[in-house]
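# Chains, contacts and geometry: an overview
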Amino acid sequence: MRPSRQARDTRAPRRDTSNQLDGSSVRVANPAPGDPPRWVPRPGYPPTIGERHGTMNPGIPIHVEKDTTLRAKIHDSCGLTCTFCHNEGTPVLADNHHRSATSFVASGPSGRVSIYAATNRATFLPAAMPDNAEFGIALASLRDALDLSEVHLTGGEPTLHPAVAGLTKIAAAAGFRVGMTSNGERGDQVLADCAAVGLDRVNFSISAPPPLNSRRSSTRATASQPSPNARSTP
Ligand code: SF4
């Protein structure tokens, strides 16, 4: 069983290199009560800029723990066109289904974007996750290999997946806590069913609701215009 946060904080002092990218010094993460955080130069390394200028004490508590969540992009479709969309690192399917991996584009006629498409070197296009035994086997394999405890359903917009409740049920049956990030687009039609079969929580990502946009900002309205191709590739 994992120790509680309180239990972890009272363990013996440990070294934390989480904000030292070059590894040249380590910070005593939890010094004695009342003592400020301390930085200890690592033998063989020159002092860092922070150490030279005496600014290596941010005074901000740092806690690092392993993330045991698996993000599952269950399909690509979405009815919004947010200008900051990372699309889970994959090219927008509606704009690339006719392209080869060497000619993927980050934006196209759909109005949607995938802001890292030019740099993340994805060589495949996203597809809809099937709610079948294969999905359960894949989840179980990843759970066991990486010691995972949670599946977070994403897209695109997960509530537009026609079998989102089935996928939720499979993930819950595999022993996962199941979460979802959604703009709520079809939530009224599917979230109750998802909750009934194991959906534990929803992070609502409501970036630019259309009525608000149309009254206040044309820029925001652009960010939320329905994509003409959004539902054509579920
Ligand atoms: S709602 Fe989410 S998935 Fe859809 S375009 Fe906006 S950021 Fe991307």
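Notes on the structure follow. The model shown is predicted, which means the values in this text are computed figures rather than measured ones.

What follows covers the overall build of the protein. Along its length, the protein carries 8 helices and 7 strands. Evaluated residue by residue, the protein yields a buried proportion of 27% over its 234 residues. Within the protein, contacts between residues separated by at least 24 positions form 61% of all contacts whose residues are at least 6 apart in sequence.

As a further point, take the pairing of strand β7 (residues 199-204). For a regular strand, side chains alternate in direction, first toward one face of the sheet and then toward the other. Two strands pair when backbone bridges link them, and strand β6 (residues 177-182) and β7 are joined in this way by 5 bridges, in the parallel orientation. Within β7, the residue paired with glycine 179 across the bridge is arginine 201. Crossover β6 to β7 through helix α6 (residues 187-196) is right-handed.

What follows is about helix α5 (residues 164-173). Among the 10 residues that make up α5, 7 are buried, leaving the element largely enclosed by the rest of the structure. Those residues of α5 lying buried are Val164, Ala165, Leu167, Thr168, Lys169, Ile170 and Ala171. On its buried face, α5 is in contact with α4 (133-146), β5 (150-154), β6, α6 and β7. Trailing α5 by a residue or two, glycine 175 shows a phi angle of about 90°, which is positive.

What follows covers the environment of alanine 192. Mapped onto the elements of the fold, alanine 192 is located in helix α6. The class of alanine 192 is exposed, set by 11 C-beta atoms lying within 10 Å. For the pair formed by alanine 192 and alanine 165, sequence separation is 27 residues and the distance between their alpha carbons is 9.0 Å.

This part is about the environment of valine 113. For valine 113, the location among the structural elements is in the loop between α3 (93-96) and α4. Residue valine 113 is classed as buried on the basis of its 21 C-beta neighbours within 10 Å. Residues valine 113 and threonine 83 lie 30 residues apart in sequence; the distance between their C-alpha atoms is 6.4 Å. When near neighbours in sequence (up to four residues on either side) are disregarded, valine 113 contacts Thr83, Cys85, Ala106 and Ser107.

Attention now goes to unusual backbone geometry. Of note, the amide linkage connecting glycine 155 to glycine 156 takes the cis form, showing an omega dihedral of 10°. By secondary structure assignment, the location of glycine 156 is in the loop between β5 and α5. In this model, asparagine 87 sits at a positive phi of 50°, which is unusual for a non-glycine residue. By the secondary structure assignment, asparagine 87 is in the loop between β4 (69-73) and α3. A tally of 25 C-beta atoms within 10 Å means that asparagine 87 is categorised as buried. One non-glycine residue with positive phi stands out, namely arginine 121, at about 60°.

Quick look at the packing of α4 against α5 now. Interaxial distance between α4 and α5 falls to 9 Å at its minimum, and their mutual angle equals 40°. Relative to α5, the element α4 lies oblique. Judged by the twist between their axes, the crossing of α4 over α5 is right-handed. Here Phe135, Gly136 and Leu139 of α4 come into contact with α5, specifically with Leu167, Ile170, Ala171 and Ala173. Looking at side-chain class alone, the contact of α4 with α5 contains 6 nonpolar, 1 polar and no charged residues.

We now examine the nonpolar core. When a protein is soluble and globular, its nonpolar side chains tend to lie buried together. Ranked by internal contacts, the top residues of the largest apolar core, which has 20 residues, are Val151, Leu153, Val164, Leu167 and Ala171. Mapped by element, the contributors of at least two residues to this core are β5, α5, β6 and α6. Examining the composition of this core, we find that 5 residues originate from one element, α5, more than from any other. Beyond its immediate stretch of four places on either side in the chain, alanine 171 contacts Leu139, Val151, Phe176 and Val178.

Conventions adopted
Residues numbered from 1 in each chain as written. Predicted model: local features only at pLDDT ≥ 70, side-chain atom pairs only at ≥ 80, totals over all residues. Helix = DSSP H or I, 4+ residues; strand = E, 2+ residues; numbered from the N terminus. Buried ≥ 20, exposed ≤ 12 C-beta atoms within 10 Å, placed from the backbone. Contact = placed C-beta atoms within 7 Å. Pairing = 2+ DSSP bridges. Right-handed = clockwise from strand over helix to strand, strands pointing away. Axes fitted to C-alpha atoms, helices over the stretch in contact; angles between N-to-C directions. Parallel < 35°, antiparallel > 145°, perpendicular 65-115°, else oblique. Left-handed = near helix turned anticlockwise from the far one by under 90°. Nonpolar A, V, L, I, M, F, W, Y, C, P; charged D, E, K, R; others polar. Core = buried A, V, L, I, M, F, W, Y, C linked by C-beta atoms within 7 Å.

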